[in-house]
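Architecture and fold: a report
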Amino acid sequence: MNDIREQHCMICGEQKAEGEGIRIVSGFLCQSCEIEMVHTDVKDAKYPFFIHQMKQIFIENNA
Ligand SMILES: [Zn+2]
C-alpha cells in the first residue's frame, strides 16, 4: 500500500510528503528547512525566526 501522507512544514508552511522531512514533537520540518537550519549561524538574522517557530511547537505540545 502506498501511504504517502502530507505534512505541513512548520517553518516554510509548505506541504511535503512525510518522507521528505522529519517529525518533531507535534510538528514537521521539511528537509530543505532542516538543512537550512543546520547551516544557519547563531548570528544569522534567520536564527531567531527558527527558534521562535520551534518554541511554538513545544508550547503547543505542553499546553
Ligand atoms: Zn520547510
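It should be noted that the structure appears before, not after, this text.
Every chain begins its residue count from 1, and numbering advances along the sequence as written. Only residues with pLDDT of at least 70 get local features here, since the model is predicted, and only at 80 or more are side-chain atom pairs given and counted; chain-wide, interface and lining totals rely on the full set of residues. Note that the side-chain values use all heavy atoms of the structure and ignore hydrogens as well as water.

Our focus in this paragraph is the coordination of the zinc ion. Listed donors are limited to N, O and S atoms within 2.8 Å of the metal, widened to 3.2 Å for Na, K and Ca; water is not among them, so incomplete-looking sites are possible. Within the protein, the atoms that donate to the zinc ion are Cys 9 (SG), Cys 12 (SG), Cys 30 (SG) and Cys 33 (SG), at distances of 2.3 Å. In primary sequence terms, the donor set of the zinc ion follows C-x2-C-x17-C-x2-C. Remark: Cys 33 occurs in helix 1 (residues 31–39) and Cys 9 occurs in the loop between strand 1 (6–8) and strand 2 (15–17); sequence separation between them is 24 residues. By relative accessible area, which is 2% here, Cys 9 ends up buried. Counting from the N terminus, the helices are DSSP H or I runs at least four residues long and the strands are E runs at least two residues long. For the exposure calls, accessible area comes from a 1.4 Å probe over protein chains only, and a residue counts as buried if that area is under 20% of its type's maximum, exposed if over 50%, partly exposed in between.

A few words now on the side chain of Gln 7. Secondary-structure assignment places Gln 7 in strand 1. On the basis of relative accessibility, which here comes to 13%, the residue Gln 7 falls in the buried class. Between N or O atoms, a polar contact is any pair within 3.5 Å; within protein, one atom must be a potential hydrogen donor and the other a potential acceptor, and residues adjacent in sequence are included only when both atoms are from side chains. A distance of 2.9 Å separates a polar atom in the side chain of Gln 7 from a polar atom in the side chain of Glu 18. Working rule for contacts: check all heavy atoms of both residues, and any pair within 4.5 Å makes them a contact. Not counting chain neighbours up to four residues away, the residues in contact with Gln 7 comprise Glu 14, Gln 15, Lys 16, Glu 18, Arg 23 and Phe 28.

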